[in-house]
Amino acid sequence: MNREKRIKILFRLKNNNPNPTTELKYNSHFELLVSTLLSAKSTDISVNKATINLYKIANTPEKMILIGIDGIKKYIKTIGLYNKKAKNIYKTCNILIKKYNSQIPKNKILLKKLPGIGDKTANIILNVIFGLPTIAVDTHIFRVCNRTGFATGKNVTIIEKKLLKIVPKKFKINFHNWFLLHGKYVCKSKKPTCYSCIIKDLCDFNKYYI
Ligand code: SF4
């Protein structure tokens with residue numbers, strides 16, 4: 001796909017949704033960190049259902065430590081991998097308190113040292129909390145990029161590197177949410193709704209269907 005087409009796609013997605021946001025519900029940077037950690041291999045809906053009650057009693061690292069791993073588990077047991085995630089939240093809270101004065105570090109390398117925080121989560125934190133032009137690539141974004149031809153590659157690391165090069169700076173902040181929402185609701189894994197897609201005339205995949 002050439003640059004002109006990419007820019008057109010970005011403008012279409014922007015005009016359609018100028019201020020895209022995550023569907024995770026949170027009221028603080030700490031809550032966003034925990035919700036993002038919990039969302040790995042789980043839906044945002046299931047995470048929100050669990051955290052609405054968890055955050056009522058534990059919305060800071062200190063309060064999370066107070067309820068302990070078993071306490072965290074009670075609230076998140078409907079979420080996949082909850083045993084591991086509860087341990088990771090607990091350990092991460094401990095580190096935040098001891099090393100960072102309960103603040104979230106503004107550094108990808110430091111973020112990725114926190115238990116349960118991978119590349120994608122670190123990018124989301126840097127992008128949403130600190131407004132840095134990072135691009136987190138999840139399964140939806142990986143699929144949409146490859147299908148459309150916007151950026152192609154065998155894994156998320158390759159796609160992320162390509163996106164950082166080809167997406168103009170002014171589109172980087174919202175890129176993750178535009179492509180994520182497009183993948184979730186339009187360019188779905190099994191049945192993409194190409195007939196009603198706002199970028200169908202620009203998409204490489206769709207040319208086989210029109
Ligand atoms: S035209 Fe179809 S394959 Fe292309 S982005 Fe839209 S929904 Fe996805």
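None of these values were measured; they are calculated from a predicted model.

A. The UniProt feature "domain: HhH-GPD" (unreviewed entry) in the chain, seen in detail. What UniProt calls "domain: HhH-GPD" (unreviewed entry) maps, in this numbering, to residues 38-185. Secondary structure across residues 38-185 divides into 70% helix and 0% strand, with the first and last C-alpha atoms of the span separated by 21 Å.

B. Quick look at the packing of aromatic side chains. Counted by the stated rule, this structure contains five aromatic pairs. Ring geometry for F150 versus F175: centroids 5.6 Å apart, planes at 45 degrees, classification tilted. Taken together, the residues F150 in the loop between α8 (139-148) and α9 (156-166) and F175 in helix α10 (residues 169-185) connect sequence positions 25 residues apart. This pair shows no difference in class: F150 is buried, exactly as F175 is. Note on F175 and F179: the rings are 4.2 Å apart at their centroids and 20 degrees apart in plane angle, and the pair reads as stacked. Of the two residues, F175 and F179 both sit in helix α10, four residues apart, roughly one turn of that helix.

C. Summary view of the domain arrangement of the chain. The domain boundaries assigned to the chain delineate domain 1 (3-21 + 135-208) and domain 2 (29-128). Here the C-alpha centre of domain 2 lies 27 Å away from the C-alpha centre of domain 1. The contact between domain 1 and domain 2 buries some 580 Å² in all, and 43% of this surface belongs to carbon and sulfur atoms. Looking only at domain 1, the three residues that lose the most surface to domain 2 are A136, E160 and I173, adding up to 51% of its buried area. The tally of links between domain 1 and domain 2 comes to two salt bridges. For the interface between domain 1 and domain 2, the tally reads five residue pairs in polar contact (both at pLDDT 80 or more). It is α10 that provides the largest number of residues to the side of domain 1 that touches domain 2, a total of four residues.

D. Broad picture of the pattern of salt bridges. Overall, the coordinates contain eight salt bridges when judged by the stated rule. One salt bridge connects R12 with D201, and the closest N-O pair in it is separated by 2.7 Å. Taken together, the positions of R12 in helix α1 (residues 3-16) and D201 in the segment after α10 put the pair 189 residues apart, joining distant regions of the chain. Because the salt bridges share partners, they merge into one network encompassing K108, K112, D119 and E160.

Thresholds applied
Residues numbered from 1 in each chain as written. Predicted model: local features only at pLDDT ≥ 70, side-chain atom pairs only at ≥ 80, totals over all residues. Heavy atoms only, no water. UniProt positions renumbered as here; feature names shortened; annotations may be inferred. Helix = DSSP H or I, 4+ residues; strand = E, 2+ residues; numbered from the N terminus. Phe/Tyr/Trp six-rings, centres within 6.5 Å; stacked < 30°, edge-to-face > 60°. Buried < 20%, exposed > 50% of the residue type's maximum accessible area, 1.4 Å probe, protein only. Domains from an automatic or database assignment. Buried area = accessible area lost by both parts, 1.4 Å probe. Salt bridge = Lys/Arg side-chain N within 4 Å of Asp/Glu carboxyl O. Polar contact = N/O pair within 3.5 Å; in protein donor to acceptor, adjacent residues only side chain to side chain.

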